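If you want the building blocks of each chain, they are given just below.
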Amino acid sequence: MVKDQAAGLRAMHATQGIQQNSIQQANMPAQSSSEKQPIKVITVASGKGGVGKTNVSVNLGVALSRLGHRVLLMDADMGLANVDIMLGLQTDYNLSHVLDGEKTLKEVIVEGPAGLKVIPAASGVKRMAQLSPMENAGIINAFSDLSDELDVLIVDAAAGIADSVVSFCRAAQEVVVVVTDEPASITDAYALIKVLSRDYGLTRFRLLANMTRSAKHGQLLYQKLARVCDQFLDVAIDYLGTVPFDHDLRSAVQKQTPVTLASPNSDAAKAFREIARKVDAWPVQQGPTGYLQFFVEQLFQQNG
Ligand SMILES: Nc1ncnc2c1ncn2[C@@H]1O[C@H](COP(=O)(O)OP(=O)(O)O)[C@@H](O)[C@H]1O
Ligand SMILES: [Mg+2]
């Protein structure tokens, strides 16, 4: 771990000069096209696995698509990558092929349901932090090319506090923490928020209570976690809402279709639509280039 960080730091120092250049260059054209729409980048994280991150990512993606947004979903869970399975998609390529120069970013993007676009999981996100300056500039440009075609980027992160999770959370505008009412899920969510705030200076999180029995249950779960966070950490936790435990969601997973499409009238689907409306109402950070480019630059500037 320490060794990794040291290596990352050395790499960062070595590339800093050129990195700065590539950022400045990448920023330049955008300054003259201020009409460019900023992009919302949302990372979906959790302390513990199996709490519903992928379902949240996919259904939020579909629901935001339905609200008229152009959504790209990036599967960033290298260990348990399953956005493609959840959506029944056939994927041959992913981000690692872009890094290897075999494919362009647009070539690895697959079309999901309801107009949702998907970048399949790459085994190489750790590698993304160790790219040469040339590769950095290339991939930043590749993402920048997309920024005209996107409104929202959702990142389905791995569970826990892996390096890549930290990177995706630091780089995103919004971090949605998914939690269920189990001691391990709550404790691990707290641990994640603690590390991200104490070690990386993140101050705001959005909490989504999943698999709850009622709206009230969701509220109580939120309060439980928010209270400890308030007491011990310097963070603001906003309540994004709750998705009930719903058998229709389980059947939808079996059918490899998002529940918002498989059972649009189910309680889970309604909850996802409500959450999407809230997300839709979040202000987008304004910047000369929009957030996508910043997101990618942040990923590269970090140490893994
Ligand atoms: N709201 C829910 N109601 C019922 N089951 C759910 C719900 N959310 C998730 N699940 C179940 O939990 C499993 C894991 O969900 P998933 O989205 O893959 O979690 P993660 O990505 O966090 O590992 C799903 O396959 C589904 O069976
Ligand atoms: Mg998952």
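Residues numbered from 1 in each chain as written. Chains lettered and ligands numbered in written order. Predicted model: local features only at pLDDT ≥ 70, side-chain atom pairs only at ≥ 80, totals over all residues.

Trainee: In this structure, what is going on with the overall build of the chain? I would like to understand it.
Mentor: Broken down by element type, the chain carries 14 helices and eight strands. Here the chain holds 304 residues, and the buried ones make up 44% of them. A fraction of 80% describes how many contacts in the chain between residues 6 or more apart in sequence connect residues 24 or more apart. (Helix = DSSP H or I, 4+ residues; strand = E, 2+ residues; numbered from the N terminus. Buried ≥ 20, exposed ≤ 12 C-beta atoms within 10 Å, placed from the backbone. Contact = placed C-beta atoms within 7 Å.)

Trainee: Explain the sheet that holds strand E8 (residues 236-244) here, please?
Mentor: Backbone-to-backbone hydrogen bonds pair the strands of a sheet. The strands run either parallel or antiparallel. Ordered in space as E3-E4-E2-E5-E1-E6-E7-E8, the eight strands form an open sheet in which the pairing is mixed. Strand pairing shows two members of the sheet lacking a second neighbour, strand E3 (110-111) and E8, which therefore form its edges. Relative to strand E5 (residues 152-159), strand E2 (residues 71-76) runs parallel, the two sharing six bridges. What sits directly across from Met-74, in E5, is Val-155. Running over the sheet, helix H2 (residues 53-66) touches strand E1 (40-46), E2, E5, strand E6 (174-179) and strand E7 (204-212) and is turned about 170° from E5. In the packing of helix H9 (residues 183-198) onto the sheet, contacts are made with E1, E6 and E7, and the angle to E6 comes to roughly 160°. (Pairing = 2+ DSSP bridges. Axes fitted to C-alpha atoms, helices over the stretch in contact; angles between N-to-C directions.)

Trainee: How do you make sense of the packing of H9 against helix H10 (residues 215-232) when you look at a structure like this?
Mentor: Think of two packed helices as two axes; the pair is described by the angle between the axes and how far apart they sit. Contact pair H9 / H10: the axes reach a minimum separation of 11 Å and the direction vectors enclose 40°. In this view, H9 runs oblique relative to H10, as classed from their interaxial angle. Seen from above, H9 lies across H10 with right-handed handedness. Across the interface between the two elements, Ile-186, Ala-189, Tyr-190 and Ile-193 from H9 touch Lys-224, Leu-225, Val-228 and Cys-229 from H10. Taken together, the residues that form the contact of H9 with H10 break down as seven nonpolar, no polar and one charged. (Parallel < 35°, antiparallel > 145°, perpendicular 65-115°, else oblique. Left-handed = near helix turned anticlockwise from the far one by under 90°. Nonpolar A, V, L, I, M, F, W, Y, C, P; charged D, E, K, R; others polar.)

Trainee: Got a minute to help me understand the confidence of the model for the chain in this structure?
Mentor: The predicted coordinates ought not to be read in detail in places where the model reports low pLDDT. Mean pLDDT over the chain: 82, with 76% of residues reaching 70 or higher. Note that residues 1-35 has pLDDT below 50 and, in this model, 30 contacts with residues that lie over four places away or in other chains. (pLDDT = per-residue confidence, 0-100.)

Trainee: It is not clear to me how the site of ligand 1 should be interpreted in this structure. Could you clarify?
Mentor: Looking at ligand 1, there are 17 residues lining it, with Gly-52, Lys-53, Thr-54, Asn-55 and Leu-249 nearest. Of all elements in the fold, only H2, E7 and helix H11 (247-254) reach the threshold of two or more residues within the shell around ligand 1. Of the residues that constitute the shell around ligand 1, the class distribution is seven nonpolar, seven polar and three charged. (Near = placed C-beta within 6 Å.)

Trainee: For this particular structure, what's the right way to read H9?
Mentor: Working note: α-helix, 3.6 residues per turn, so residues spaced by three or four point in the same direction. Between the first and last C-alpha of H9 there are 22 Å, a value that for 16 residues agrees with the 22 Å anticipated at 1.5 Å per step. Here H9 has its buried residues at Ser-185, Asp-188, Ala-189, Leu-192, Ile-193 and Leu-196. Here the buried residues of H9 occupy an arc of 140° about the axis, which is enough to place them on one side. Elements that come into contact with the buried residues of H9 comprise E1, helix H8 (163-171), E6, E7 and H10. (Expected span 1.5 Å × (residues − 1). Arc of directions from axis to C-beta.)

Trainee: When you look at unusual backbone geometry in this model, what are you seeing that I'm missing?
Mentor: Look at Ala-114: it is not a glycine, yet its phi comes out positive at around 55°. Within the secondary structure, Ala-114 sits in the loop between E3 and strand E4 (117-119). In this structure, Gln-256 takes a positive phi of about 55° despite not being glycine. Examined against the element boundaries, Gln-256 turns out to sit in the loop between H11 and helix H12 (259-262).

Trainee: So what exactly am I meant to see when it comes to the environment of His-247 here?
Mentor: Locating His-247 in the fold gives a position in helix H11. On a C-alpha basis, the gap between His-247 and Ala-268 in space is 9.0 Å, while along the polypeptide they are 21 residues apart.

Trainee: Looking at this model, I keep getting lost on helix H13 (residues 267-281). Mind explaining?
Mentor: The terminal C-alpha atoms of H13, which comprises 15 residues, lie 21 Å apart, in line with the 21 Å expected from a rise of 1.5 Å per residue. Here the buried face of H13 lies against H2, E7, E8, H11 and H12.

Trainee: Just checking my understanding: could you explain the environment of Val-195 for this structure?
Mentor: Take Val-195: it is sitting in helix H9. Counting along the chain gives 29 residues from Val-195 to Val-166, while the straight-line C-alpha distance between them is 8.8 Å.

Trainee: Could you clarify how one ought to interpret the pairing of E6 in this entry?
Mentor: The side chains of a regular strand alternate between both faces of the sheet. Here E6 lies mainly inside the structure; six of its six residues are buried. Sheet topology note: the E1/E6 ladder contains four bridges and is parallel. Across the sheet, Thr-43 pairs through a bridge with Val-175, a residue of E6. Since E6 and E7 lie parallel, the crossover through H9 that links them has a hand, and here it is right-handed. (Right-handed = clockwise from strand over helix to strand, strands pointing away.)

Trainee: What exactly am I supposed to notice about the pairing of E5 here?
Mentor: The element E5 is extensively covered by neighbouring structure, given that eight of its eight residues are classed as buried. With six bridges joining them, E1 and E5 adopt parallel strand pairing. Bridge assignment links Val-44 to a residue of E5, and that residue is Asp-156.

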